[in-house]
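What the coordinates show
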Amino acid sequence: MLARTIESLARAAPGAALLPIIHRGDLEFYEACKAGIEANLAQRLVAPVFGGATRQESIRSGLEALSHAPTPPEIVLIHDAARPFVFGSLIERAVSGAAAHGAAVPGMTPADTIKRIDACGSVAETLPRGQLRAIQTPQAFRFELILGAHRKAALAGAGDLTDDATVAEFAGHRVQVFAGEESNMKITTPEDFARAEAQLIAELADIRAGQGYDVHAFGPGNHVWLGGVRLEHDRGLAGHSDADVLSHAITDALLGALADGDIGSHFPPTDPQWRGAPSRIFLSAAAAKVRARGGVIAHVDATIVCERPKLGPHRNAIRESLANIMDVSIDRVAVKATTSEGLGFTGREEGIASLAIATIRLPARGAL
Ligand code: MG
């Protein structure tokens, strides 16, 4: 969720630097998260600042860090990591709101009627809905204004202010409310998470299938590689790389689904750097291409055609290895094996053939 939020923010605010505020104990987790972020977006992140015991303390730590920068920002936007659906339209309103008013926050008119209740749970008052706003983030401020407000609240010992607008109000500033966005939800409960996943998958509506096929001939040797698993055998497979015929077929299926060439065009057999190379390199690179397009691998189904070695006992080890290389869960990877009843080159045990189909989902934007 953090990676998704950072990527959304970086895309929505193309000119901005991003300062993550994290818990001291989460540094390793943060670095792992950052490693999964698109490189051109991740380079906009500055080194993270460690937060404090409360949200308010954490934000103040971030603002103090910015105040020590060679050129502190003129305008700062403060955003929840739990709001991954932030778009450029909202950022533009936030920035112009802060520029015009000093302090501006996004708000939604509640769809439900809001009532205040008393200690017995009875309605004490029906609030005028037109005057109410549910406040979101990013909250936008002129930097000096919000830094000063946080310092003033800290000095006064006011430590229970739940958002930055409240900190600004505490310091005596007027806060303007601009239009928030329905999709900019905060993910708090398991139900929110399910709703967010549904929203994400709905965005990945460009569904594509690709096929792959490969053959390698038997030659001298004492093992074969299939799906990144080494299987002892009385012969080996001949090839420029490790001749992992299964991984090659799946790599081609993924590249086919992307309509992005084939394994030979990305990893030419004439290139000496691929001599004896483990084929996991090719397969993980193809999977990374799917992710780089903002997509996911929905399913991979592969068949290996050979008389020997017998593959049944190794099926799950091969599935696990493939899932690991492509970074998907094992229930999205099917591996089947068949003989060709003694017929043809596979039947004569001259080599092994493999077929694969990959189904991927890409963002629908621009596809329809
Ligand atoms: Mg091959």
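Residues numbered from 1 in each chain as written. Predicted model: local features only at pLDDT ≥ 70, side-chain atom pairs only at ≥ 80, totals over all residues. Heavy atoms only, no water.

Regular strands have side chains that alternate between both faces of the sheet. Going residue by residue along strand E12 (residues 229-232), you find Val-229 and Leu-231 tucked away on one face and Arg-230 and Glu-232 left uncovered on the opposite face. As paired strands, strand E11 (residues 223-226) and E12 are joined by four bridges and run antiparallel to one another. When the sheet's bridge partners are listed, Leu-226 is paired in E12 with Val-229. The loop that links E11 with its antiparallel partner E12 comprises two residues; one of these, Gly-227, has a positive phi angle of about 65°. (Buried < 20%, exposed > 50% of the residue type's maximum accessible area, 1.4 Å probe, protein only. Helix = DSSP H or I, 4+ residues; strand = E, 2+ residues; numbered from the N terminus. Pairing = 2+ DSSP bridges.)

Only Asp-214 (OD), His-216 (NE2) and His-248 (ND1) from the protein coordinate the magnesium ion, and they sit 2.1 to 2.3 Å from it. Motif for the magnesium ion, donor spacing along one chain: D-x1-H-x31-H. On the basis of relative accessible area, His-216 is assigned to the buried category, the value being 12%. (Donors = N, O, S within 2.8 Å, 3.2 Å for Na, K, Ca; no water.)

To continue, consider the sheet that holds strand E13 (residues 236-237). Read across the sheet, five strands follow the order E13-E10-E16-E14-E15 without closing on themselves; strand pairing throughout is mixed. Each edge of the open sheet is held by one strand with a lone partner, namely E13 and strand E15 (333-338).

Below, the discussion takes up unusual backbone geometry. With the exception of glycine, most residues fall at negative phi, and the peptide bonds are largely trans. The omega torsion of the bond from Thr-137 to Pro-138 falls at 10°, within 30 degrees of zero and hence cis. Between Arg-308 and the following residue, Pro-309, the backbone shows a cis peptide bond with an omega angle of -5°. By the secondary structure assignment, Pro-309 is in the loop between strand E14 (296-305) and helix H12 (315-326). You will see that Glu-341, though not glycine, has its phi angle at about 55°, which is positive. With respect to the element layout, Glu-341 can be found in the loop between E15 and helix H13 (344-347). Look at Glu-341 and you get exposed, because its relative accessible area is 68%. You will see that Glu-349, though not glycine, has its phi angle at about 60°, which is positive. Looking at the element boundaries, Glu-349 is found in the loop between H13 and strand E16 (351-362).

Domain parsing of the protein yields domain 1 (2-202) and domain 2 (206-362). Computed over C-alpha atoms, the centres of domain 1 and domain 2 are 45 Å apart. (Domains from an automatic or database assignment.)

Relative to the assigned elements, His-248 resides in helix H9 (residues 245-258). Setting aside its immediate chain neighbours within four residues, His-248 contacts Asp-214, His-216, Ser-241, Asp-242, Ala-243, Ile-263, Ser-279 and Phe-282. (Contact = heavy atoms within 4.5 Å.)

Let us now look at the nonpolar core. Counting 39 residues, the largest nonpolar core has Leu-226, Ile-250, Leu-254, Ile-297, Leu-322 and Met-326 as its most contacted members. Elements with a contribution of two residues or more to this core: E11, E12, H9, helix H11 (280-292), E14, H12, E15 and E16. Looking at this core element by element, the count peaks at nine residues for H9. With residues up to four places along the chain from it excluded, the contact list for Met-326 reads Ile-250, Leu-254, Leu-283, Ala-287, Arg-291, Ile-297, Val-300 and Val-333. Among the nonpolar cores identified, the runner-up in size contains 21 residues, and Ile-6, Ile-37, Ile-91 and Ala-98 belong to it. (Core = buried A, V, L, I, M, F, W, Y, C linked by side-chain atoms within 4.5 Å.)

Now for the pairing of E14. Of all 10 residues that make up E14, seven are buried, and the element is covered over most of its length. In this view, the connection linking E14 to its parallel neighbour E15 by way of H12 has right-handed handedness. (Right-handed = clockwise from strand over helix to strand, strands pointing away.)

This paragraph deals with the pattern of salt bridges. Applying the stated rule across the entire model yields 17 salt bridges. Here Arg-93 makes a salt bridge to Glu-181, at a shortest N to O gap of 3.2 Å. Placement of the pair is Arg-93 in helix H5 (residues 88-101) and Glu-181 in the loop between strand E9 (176-179) and helix H8 (190-203), with a sequence separation of 88 residues. Residue class for Arg-93 comes out partly exposed when judged on its relative accessible area of 27%. Judged by its relative accessible area of 14%, Glu-181 falls in the buried class. (Salt bridge = Lys/Arg side-chain N within 4 Å of Asp/Glu carboxyl O.)

This part is about a nonpolar patch on the surface. Together, Tyr-213, Val-215, Phe-345 and Leu-355 line one region of the surface with nonpolar side chains, adding up to about 330 Å² of accessible area. Take Tyr-213: it is sitting in strand E10 (residues 206-219). Look at Tyr-213 and you get partly exposed, because its relative accessible area is 47%. (Patch = residues over 30% accessible without salt bridge, like charges linked within 9 Å, V, L, I, M, F, W, Y side chains within 5 Å. Areas by Shrake-Rupley, 256 points an atom, 1.4 Å probe, with all protein chains shown as cover.)

Looking at where Pro-110 falls in the secondary structure, it is placed in the loop between strand E4 (103-108) and strand E5 (115-117). With 22 residues separating them along the chain, Pro-110 and Leu-132 place their C-alpha atoms 6.9 Å apart. Not counting residues up to four positions away in its chain, the partners in contact with Pro-110 are Arg-129, Leu-132 and Arg-133.

Right, let's get into helix H4 (residues 55-67). Spanning 13 residues, H4 covers 19 Å between terminal C-alpha atoms, matching the ideal 18 Å at 1.5 Å per step. Every buried residue of H4 is accounted for by Gln-56, Ser-58, Ile-59, Gly-62, Leu-63 and Leu-66. Buried positions in H4, seen along its axis, are confined to an arc of 165° and lie on one side of it. Where H4 is buried, its residues contact strand E1 (21-22), strand E2 (49-50), strand E3 (75-78), helix H6 (143-155) and helix H7 (164-170). (Expected span 1.5 Å × (residues − 1). Arc of directions from axis to C-beta.)

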